[in-house]
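Analysis of the macromolecular model
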Amino acid sequence: MRVARPAAALSRHWGVGLLLALAGAVYAQTQGAYGMLMWDEAEYASLARSLVRGDGYTIAGAAQGLRPPLLPLAAAAGLWLNGRADDPTVHAVGVALAVLALAIVYTGAARAYDRATGLVAAALLASMPWFWSATARLLSEIPLLALFGAALLAWSGALLRDARWFYVSWGCLGLALLTRYTALLFGPLALLLTLAAGAGDGRAVWRRLCTRHVLLAPLLGLVVFAPWLVHQGLVFGDPLVGFRQASSQLQDYMPGVAMPWWRYVAGLPAMLSWPTAVLALFGVLWAARKRDHFALQCVLVVVFILIWFSCYRYKEARLVSAILPAVAVLAALGLTRGLFGRAPPSALAAIVAAIALFNFGATRPTFEHVHTLGYPSFLAAMDFVRQHSSPDALLVGPNTPQIFWYADRRVTDFPEKAALPALLDRVEWVIVTDFERGQKAYVPELAARIPESAFADGRAVRFADGQFSTLVVRPALLAAALK
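I will try to describe carefully the structure that is included in this document. Given the structure is predicted, the values throughout are model-derived calculations rather than measurements.

Let us now look at the layout of surface pockets. There is about 760 Å³ of room inside the second largest pocket. If you trace the second largest pocket, you find 27 residues lining it, with Gly 15, Leu 19, Leu 119, Ala 123 and Val 352 closest to the centre. Secondary structure elements with two or more residues in the lining of the second largest pocket: α2 (14-29), α6 (115-127) and α18 (345-369). In terms of residue count, α2 provides more of the lining of the second largest pocket than any other element does, nine residues in total.

Put into structure tokens, the structure is as follows:
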């Protein structure tokens with residue numbers, strides 16, 4: 001692990017610096033494309049705002065145990081630096097994390113092969129349709145794929161080249177666990193990678209495993225992650241409460257939906273784009289032909305993650321997005337080794353640029369036609385609530401993180417119907433939507449009984465945009481509808 005002089009490093013890596021700057025500028029142009037923050041985004045943003053205000057790791061005063069803190073902490077840093085708590089600020093944090101992911105992939109591929117391969121890998125990842133469209137969301141998938149990918153790339157580097165990379169691997173694992181609990185998959189993956197590396201060059205791998213770094217490096221991961229466990233234990237009495245909640249989240253989500261086992265494999269071309277998928281296939285063939293250990297470990301990562309998540313009945317592309325760094329490396333190898341050998345940089349740049357243009361055509365409809373459920377009428381409703389409620393008002397509504405973020409008022413979810421009358425005595429406004437799937441079934445039934453006179457005298461206001469609607473009503477109206 002040689003440390004280069006800063007000036008020399010900058011002169012050698014100017015290409016990736018230009019790529020990162022260009023990617024950041026392009027991503028910045030699509031921020032706000034989805035109109036407003038979705039549920040999960042609003043949770044992260046709300047946690048960040050609470051942290052900046054000194055209210056702790058809470059949303060509307062309620063402690064949160066499910067969401068690990070890295071993304072909210074990053075967003076809180078952005079809010080603190082900008083001095084504003086709004087969508088553009090948290091979106092800027094998302095762009096920064098996406099650029100970090102590109103830098104990590106470049107570093108891993110460049111260390112394993114050369115700077116040209118690293119640059120191609122980062123550029124291909126930057127333009128993958130799924131990745132590109134995800135840069136406009138403040139979600140944990142991009143920082144997870146960056147840090148989880150860094151942990152795996154460093155683990156392979158430690159096994160195949162230098163045991164000191166174990167420190168990088170364990171440190172990134174600690175950060176990945178602070179991003180999303182599915183980073184626990186690092187355990188079985190690291191074991192498989194170690195066995196695979198040992199099968200290739202057992203003596204060399206064994207020598208690296210017998211160094212003090214193998215024993216000391218896990219302490220770095222523990223130092224990074226332990227404070228969160230302590231926090232969870234102090235707040236909830238169970239340091240593993242987040243793991244317990246996350247372990248059943250995917251099984252419990254949308255219980256009536258079952259998707260075919262091959263859905264992820266069939267969806268890869270749309271996720272990566274056809275040109276990138278073809279390049280990745282050539283990279284796999286090159287790795288098999290040359291028996292390149294690092295590339296074969298990337299193949300193992302992709303196969304393991306796809307198989308693991310294919311075993312769940314519910315499937316969604318973002319759940320397997322951690323494969324993207326490994327796929328980017330394989331696709332880069334498919335271009336720089338599998339197809340053209342050592343092609344001149346100008347030819348590589350032209351091919352990558354053509355793929356980026358193709359991918360833009362595949363990604364553009366997402367930015368133009370996909371909007372968060374409830375947009376834009378929900379934003380108008382929250383602006384109304386903010387202007388017509390006291391700062392310490394309590395609201396009740398189904399999509400609590402979004403209400404809390406946009407109305408900036410305390411909010412609680414609808415209780416069971418029998419407990420609603422007692423709650424209505426304490427709230428200023430009730431929010432009823434037609435787009436939140438988690439809304440209690442009795443709520444629309446009560447809303448349908450609101451008399452038209454209430455809309456005329458301002459006790460109830462309907463905000464609609466032709467697709468979605470949000471009702472803002474005084475609690476007395478729902479109390480009367482209960483009778």
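As a further point, take unusual backbone geometry. The step from Tyr 375 to Pro 376 runs through a cis peptide bond, and the omega angle for that step is 5°. Structurally, Pro 376 is set in the loop between α18 and α19 (377-387). With a phi angle near 55°, Ala 60 is a residue other than glycine that sits in the positive phi range. Residue classification places Ala 60 among the partly exposed residues on the basis of a relative accessible area of 22%. Phi angles above zero are rare outside glycine, and Arg 291 is one such case at about 50°. If you trace the backbone, Arg 291 turns up in the loop between α15 (274-290) and α16 (293-310).

Before going further, it helps to spend a moment on the sheet that holds strand β3 (residues 394-396). What the five strands build is an open sheet, ordered β4-β3-β5-β7-β6; its pairing is mixed. Here the strands that pair on one side only, and so sit at the sheet edges, are β4 (410-412) and β6 (460-464). Taken pair by pair, the neighbouring strands of this sheet meet at an average axis angle of 25°, ignoring direction.

Attention now moves to helix α14 (residues 263-272). Within α14 the residues assigned to the buried category are Tyr 264, Leu 268, Pro 269, Met 271 and Leu 272. All buried residues of α14 lie within an arc of 165° about the axis, which places them on one face of the element. Looking at the buried side of α14, the elements it contacts are α7 (129-134), α15, α16, α17 (324-339) and α18.

For the rest of this paragraph, the subject is the pairing of strand β5 (residues 429-433). Counting buried positions over the five residues of β5 gives five, a clear majority of the element. Of the two faces of β5, both are covered, the one formed by Trp 429, Ile 431 and Thr 433 as well as the one formed by Val 430 and Val 432. Summarising the sheet, β3 and β5 pair through two bridges and their orientation is parallel. Looking across to β5, one finds that Leu 395 is bridged to Trp 429.

Time to look at the pattern of salt bridges. In total, this model carries 15 salt bridges according to the counting rule given. Here Arg 53 and Asp 408 are joined by a salt bridge, their closest N and O atoms 2.8 Å apart. You can see Arg 53 sitting in helix α3 (residues 39-53) and its partner Asp 408 sitting in the loop between α20 (400-407) and β4, a full 355 residues away along the chain. Asp 408 sits in the partly exposed class, given a relative accessible area of 23%. One salt bridge connects Arg 459 with Asp 457, and the closest N-O pair in it is separated by 2.9 Å. Judged by relative accessible area, Arg 459 falls into the partly exposed class, the value being 34%. If you follow the salt bridges from partner to partner, you end up with Glu 141, Arg 180, Glu 316 and Arg 318 in one network.

With that settled, the discussion passes to the pairing of β6. Summarising the sheet, β6 and strand β7 (residues 469-473) pair through five bridges and their orientation is antiparallel. Looking at the pairing, Val 461 lines up with Val 472 of β7. Where β6 hands over to β7, the hairpin turn is made up of four residues, of which Gly 466 adopts a positive phi near 95°.

Our focus in this paragraph is the nonpolar core. If you look at the biggest cluster of nonpolar residues, it comprises 144 residues, and the most contacted ones within it are Tyr 27, Phe 131, Phe 148, Ile 305, Leu 324 and Met 382. Here this core takes 14 residues from helix α8 (residues 141-160), the largest share from any one element. Apart from the residues within four sequence positions on either side, Tyr 27 is in contact with Val 95, Ala 98, Leu 102, Ala 126, Phe 131, Trp 132 and Thr 135. Val 430, Ala 454, Leu 477 and Ala 481 belong to the second largest nonpolar core, which has 22 residues in total.

The next subject is the packing of aromatic side chains. Under the criterion given, the structure shown has 20 aromatic pairs. Relative to Phe 367, the ring of Tyr 34 lies with its centre 6.1 Å away and its plane at 40°, an arrangement referred to as tilted. On the criterion of sequence distance, the pair formed by Tyr 34 in the loop between α2 and α3 and Phe 367 in helix α18 is long-range, its members being 333 residues apart. For Tyr 34, a relative accessible area of 5% puts it in the buried group. Accessibility expressed as a relative area gives 12% for Phe 367, which makes it buried. Relative to Phe 360, the ring of Trp 132 lies with its centre 5.7 Å away and its plane at 40°, an arrangement referred to as tilted.

The subject of this paragraph is α8. What sets the pattern is the α-helix's 3.6 residues per turn: residues three or four places apart point alike. A rise of 1.5 Å per residue sets the reference length of α8, with its 20 residues, at 28 Å; its end C-alpha atoms lie 28 Å apart and thus fit the reference within 8%. The buried count for α8 comes to 19 of 20 residues, which makes it a mostly enclosed element.

This part is about the packing of α8 against α16. Think of two packed helices as two axes; the pair is described by the angle between the axes and how far apart they sit. Running from amino to carboxyl end, α8 crosses α16 at an angle of 140°, the nearest separation of the two axes being 10 Å. When the axis of α8 is compared with that of α16, the two are oblique. The way α8 lies across α16 gives a crossing that is right-handed. Within the contact between the two elements, α8 uses Phe 148, Leu 152, Leu 153, Ser 156, Gly 157, Leu 159 and Leu 160 and α16 uses His 293, Phe 294, Gln 297, Val 301 and Ile 305.

Secondary-structure assignment places Phe 131 in helix α7. Through-space distance from the C-alpha of Phe 131 to that of Glu 141 is 9.4 Å; in sequence the pair is 10 residues apart. Excluding residues that lie within four positions of it along the chain, Phe 131 makes contacts with Tyr 27, Ala 98, Ala 101, Leu 102, Leu 125, Ala 126, Ile 142, Leu 145 and Leu 324.

This paragraph deals with a nonpolar patch on the surface. Where nonpolar side chains cluster on the molecular surface, the patch consists of Trp 274, Val 278, Leu 281, Phe 282, Leu 285, Leu 339 and Phe 358 and spans about 690 Å² of accessible area. If one sorts the elements of the nonpolar patch by residue count, α15 sits on top with five residues. Within the secondary structure, Leu 281 is located in helix α15.

About the thresholds
Residues numbered from 1 in each chain as written. Predicted model: local features only at pLDDT ≥ 70, side-chain atom pairs only at ≥ 80, totals over all residues. Heavy atoms only, no water. 1 Å grid on protein atoms, 1.4 Å probe; cavity = no way out; pocket = protein on both sides within 12 Å on 5 of 7 lines; lining within 4 Å. Points joined across faces, edges and corners; volume = space filled by probe spheres on them. Helix = DSSP H or I, 4+ residues; strand = E, 2+ residues; numbered from the N terminus. Buried < 20%, exposed > 50% of the residue type's maximum accessible area, 1.4 Å probe, protein only. Pairing = 2+ DSSP bridges. Axes fitted to C-alpha atoms, helices over the stretch in contact; angles between N-to-C directions. Arc of directions from axis to C-beta. Contact = heavy atoms within 4.5 Å. Salt bridge = Lys/Arg side-chain N within 4 Å of Asp/Glu carboxyl O. Core = buried A, V, L, I, M, F, W, Y, C linked by side-chain atoms within 4.5 Å. Phe/Tyr/Trp six-rings, centres within 6.5 Å; stacked < 30°, edge-to-face > 60°. Expected span 1.5 Å × (residues − 1). Parallel < 35°, antiparallel > 145°, perpendicular 65-115°, else oblique. Left-handed = near helix turned anticlockwise from the far one by under 90°. Patch = residues over 30% accessible without salt bridge, like charges linked within 9 Å, V, L, I, M, F, W, Y side chains within 5 Å. Areas by Shrake-Rupley, 256 points an atom, 1.4 Å probe, with all protein chains shown as cover.

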